[in-house]
Structure formats: structure tokens, C-alpha cells
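# Coordinates in review
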Amino acid sequence: MVSTPQLAQTQTPYTSMAPNKQNCRSKISSIFSDGFLFAGGSIVALLVVWTFWSFMTTSPNTDPGFFTPTTSKKSILETPVDPVSTGFNLRYDPPDPTFYDDPDLGYTMEKPIKNWDEKRRQWLKLHPSFIPGAKKRVMMVSGSQSTPCKNPIGDHLLLRFFKNKVDYCRIHGYDIFYNNILLQPKMWSFWAKMPAVKAAMIAHPESEWIWWVDSDAAFTDMDFTLPLDRYKAHNFVVHGWEKLLYEQQSWTSINAGVFLIRNCQWSMDLMEAWAKMGPQSPEYDKWGEILRTTFKDKIFQESDDQSGLAYLLLKEKEKWGDKIYVEGEYYFEGYWVEIVGTLDNNITDKYLLIEKGEPRLRRRHAERVSESYVKVWEEHLKDAGYGRYSWRRPFITHFTGCQPCSGDHNQMYSGETCFDAMQKALNFADNQVLRKYGYMHKDLLDSSSVFPVPFDFPA
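What you see is a predicted model, and the numbers here were worked out from it, not measured in a lab.

### A look at the sheet that holds strand β5 (residues 236–240)
Judged by pairing direction, the sheet is mixed, and its 6 strands sit side by side in the order β2-β1-β3-β6-β5-β7 without closing on themselves. Single-partner strands in this sheet number two, and they are β2 (175–179) and β7 (324–327). The mean inter-strand angle of the sheet, taken between neighbouring strand axes irrespective of direction, is 25°. Two strands pair when backbone bridges link them, and strand β1 (residues 138–143) and β2 are joined in this way by 5 bridges, in the parallel orientation. Paired with Val 141 across the bridge in β2 is Phe 177. Strand contacts of helix α5 (residues 154–172): β1, β2 and β3 (209–213), with the helix running at about 160° to β2, the strand carrying the most contacts.

As C-alpha cells, this is what we get:
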């Protein structure tokens, strides 16, 4: 298998429609000197103009309080807004009972959910404005601790990582939920993501996919979109290498810091089985022994989420393996050490060279239509190569071991090395965003300075 090819595919982001109410006043003067016939004609003419002007200056609206002269307020309240023309109807929640009305429904990991697929289908049936595009709708989830960071610059770094995710979601029309509370106090550290993911699945039945991204992972290709079509037969996507997993049985064969999970009953069952290895389980210590025995390169005793997932793939492949996609053909998440050094020379220079020869990519455009330029990029990136030696932008750069909040980084590298690398990657991504606003960083190690981008840059 090739190690890291990057695929590109576009999606049409959801764009909400905002109200645009305007009131028109008209003043009708009576002209008695010309008689009642002229006055009557003037009134009729003005009424026609007023009606035409009101129609032209009022746009379709999802507000149930808004109604046109030809539609009663009562019918608007009772009828869902056309989802094709106006998007989601955020003010329509019928009184019909749904799974939310079940007092036995639990958001916690301790309360299993059954018949989730049917529950989601019923909810969507009652909320038809969310049905178009539902099969490719993605909700991003991330999070960090609830207390201030021990590292003096840790909170600043987490804010920048969060901004990076918000930028990506805004560009591609994704919702994002950022959690900074231990929803299950006993599921700390890397296990804390699981209660947040389950809660997001229940809170967002309109979303087909929940996308967990660790707080220390940064998007470094803001144009790339998930190739969801290749995952249509799967329910879980994780970055890794199958050969390393099945032949060498390494716990580092996958990385559970970034994963895509389908909002379905199979996923609920997977998380239930996975969570049984966590610190809230009475079998936590036993699982620590099992995982350390199974994976010979695992040097620490405790049971962790990554080893647990690898165990399910290795030992219960028939039950879970067919629906789990181990993505090794692009940087679904990539180790920062092998990425950061390529950002400000090889990759940047190649992209600038392409732009110099392609007027379509130099054209200024609104951020909302950024995805329309992906196909143009692909025309020039098809020969970029794949893997570690590719000069494509890496999709996600993961700062595994840097611990930006605590500062307790892996002793393999210094804190300064981690900080400089994070700053460089975040500014590299930020340049792709700021460019739409007319500015860029000149130096990737200088986060505070930008320059105005000249017209037709970089030609």
C-alpha cells in the first residue's frame, strides 16, 4: 500500500439563508383639482407599484413569523419550509414524540442505546429539511481540559489549534462541537473523547458522520475534503497501516487521535465494546495486561484507547474489521516530525510555482466559494507524487508527543522544537485562510506580522 497519497474531492457546503425584511411606505396625494377619476387612477397605480416593490425586496425566509401576502401565517407555522430553496428549518420541531422524549434515553457511556438507526430515521422523517445531503453531513468534535494549562503558552496554543479547526469547518460548511469538560470523570486523558463523541451522535441525528480531531492536530491543507465516497461501505475510518497491524502486531499501527465514525447503531456497539477497556471499567487493570501482552512494542502498563482499538481490529476482526477502514493513502493525520520541515520550502515553493502559471488560481474570490477551485488545483497536483516525499500539502499534521497544554513533551525533542513546529504549521494553514481576506504571513515563524497580498499575487 502506498503510504500517503492525497486525494481531492469537493462537497457543496450548506449555506444558510438570512432574513431580509424590508418595509415600504407610500404616500398618496389626493389631487382634487383633476377630479375623482384621476385620483382613483393614481391610487390604483401606486398600489400596483407598492405590491411589485414589496415582492422584489423581500427574500424567501425560514422564519415562521414571516409570511407573504399570498400565504397565511398559520400555514407557514404548520408546513416545513422547502429544504431545497431555503436550507435547514431551524425553527421547526413538531410535537410528535421522538427518542428525545424517552425518559430511559441516556447520553452516558453506561447506558447503551438500541435501535439507533430507526430512531435517527424517524427523527429525520419528522424534520424533512435536514434530509437533503444527510448522507454526507459531517460534524467535527474536539476538546481539551476544563482547567487552565500548566504550560504558560498552552492556552494560547490550544486557542490557535481551535481557530484552525473553526476555519476549516467554516470553509467546508461543517458544524463543530468543542468540549472542555470530562463528561465521564473516570474516563480521563485519551479516553475522554468517547463520551463526547457519543453525546454528539445523539445531539446531532442530522449528521451522518462524527469526526473526532485531537486538540493538538492542525489542518494544513484547508482545501482538501474527506473522500467520503470511498468510505461508503464502512462505518469507521482511522489512519494507519494494515501490514504493521496484522503482521507485526504493533500498537502504533494506527493512530486514534483522529477518526471518522458513522452515526449508526454499529458505531454505538463499537464504542460500548471499546469503552469496556477504559478506566471507568472494573476490568481496566486486566485490559492493561492483555494489551501489553498482545502488543510487544507497548512499553507502558495502562490500557489506552489506541491499543484497545488495535486489539478489536486484531482479535475481533470478523466482528468489526469489515466496517473499519484503515486509511494509509493520504495524511488523514500525519506525524509532525516528518512533515513540518517540508512546509516552508518544498511545498510552498511548488504551490507558488503552480499559481504563477495558472491565472485561475491567482484570481481573488469569496471564501464561500473556495471549494470551486479544488478541481483546478487537482489538474496541477495529479503528478505531485505520494507519501512522505510528496510535495502536496499534508491534510492534518498531528503534534503527537508535544503536549502543548501541559508542556510535558516527549524527551525525544525539546519544547522549543515543538513550539516552533506548531507555530510554523499553524501559520502555514493560516496563510491559506488569510489569503481570502487579503493578507498573509511573510515568515511562518512570525505569527503577529502579515503583509497585504498584492493583486495577481504571486505573478
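The rest of the description comes next.
### Examining the packing of α5 against helix α15 (residues 415–434)
Here α5 crosses α15 at 25°, and the two axes come no closer than 11 Å. In terms of orientation, α5 and α15 fall into the roughly parallel class. Classified by chirality, the crossing of α15 by α5 is left-handed. Taken together, the residues of α15 that come into contact with α5 (itself represented by Leu 157, Arg 160, Phe 161, Lys 163, Asn 164, Asp 167, Arg 170 and Ile 171) are Phe 419, Met 422, Leu 426, Asn 427, Ala 429, Asp 430 and Val 433. Residue composition of the contact of α5 with α15, grouped by class: 8 nonpolar, 2 polar and 5 charged.

### Some thoughts on unusual backbone geometry
Put simply, Phe 457 and Pro 458 share a cis peptide bond, and its omega is 5°. Turning to its location among the elements, Pro 458 is positioned in the segment after β11 (451–452). In this model, Asn 115 sits at a positive phi of 55°, which is unusual for a non-glycine residue. Mapped onto the elements, Asn 115 comes out in the loop between α3 (83–86) and α4 (116–126).

### Structural notes on the pattern of salt bridges
Counted by the stated rule, this structure contains 25 salt bridges. Two residues, Lys 424 and Asp 344, come together in a salt bridge whose shortest N-O distance is 3.4 Å. In this pair, Lys 424 is assigned in helix α15 and Asp 344 in helix α12 (residues 343–357), connecting sequence segments 80 residues apart. In this structure Lys 424 comes out as buried when scored by relative accessible area, which is 16%. In this structure Asp 344 comes out as partly exposed when scored by relative accessible area, which is 36%. Across the salt bridge formed by Arg 392 and Glu 378, the nearest N and O atoms sit 3.2 Å from each other. Taken as a pair, Arg 392 in the loop between α14 (374–381) and β9 (396–398) and Glu 378 in helix α14 lie far apart in primary sequence, 14 residues in all.

### Topic: the side chain of Ser 207
Take Ser 207: it is sitting in the loop between α6 (193–203) and β3. Relative accessible area serves as the criterion here: at 1%, Ser 207 is assigned to the buried category. For Ser 207, the contacting residues outside a window of four places in its chain are Arg 120, Arg 137, Met 139 and Asn 263.

### Looking at the sheet that holds strand β8 (residues 334–335)
Taken together, 3 strands build an open sheet; the order of strands is β4-β9-β8 and the sheet is mixed. Because the sheet does not close on itself, it has two edges, and the strands there are β4 (217–219) and β8.

### Quick word on a negative patch on the surface
On the surface, Asp 93, Asp 101, Asp 102 and Asp 104 cluster together into a patch of negative charge. If you trace the backbone, Asp 104 turns up in the loop between α3 and α4.

Cut-offs and rules
- Residues numbered from 1 in each chain as written.
- Predicted model: local features only at pLDDT ≥ 70, side-chain atom pairs only at ≥ 80, totals over all residues.
- Heavy atoms only, no water.
- Pairing = 2+ DSSP bridges.
- Helix = DSSP H or I, 4+ residues; strand = E, 2+ residues; numbered from the N terminus.
- Axes fitted to C-alpha atoms, helices over the stretch in contact; angles between N-to-C directions.
- Contact = heavy atoms within 4.5 Å.
- Parallel < 35°, antiparallel > 145°, perpendicular 65-115°, else oblique.
- Left-handed = near helix turned anticlockwise from the far one by under 90°.
- Nonpolar A, V, L, I, M, F, W, Y, C, P; charged D, E, K, R; others polar.
- Salt bridge = Lys/Arg side-chain N within 4 Å of Asp/Glu carboxyl O.
- Buried < 20%, exposed > 50% of the residue type's maximum accessible area, 1.4 Å probe, protein only.
- Patch = residues over 30% accessible without salt bridge, like charges linked within 9 Å, V, L, I, M, F, W, Y side chains within 5 Å.
- Areas by Shrake-Rupley, 256 points an atom, 1.4 Å probe, with all protein chains shown as cover.
- Lys, Arg positive; Asp, Glu negative; His and termini not counted.
- Charge placed at Lys NZ, Arg CZ, Asp CG, Glu CD.

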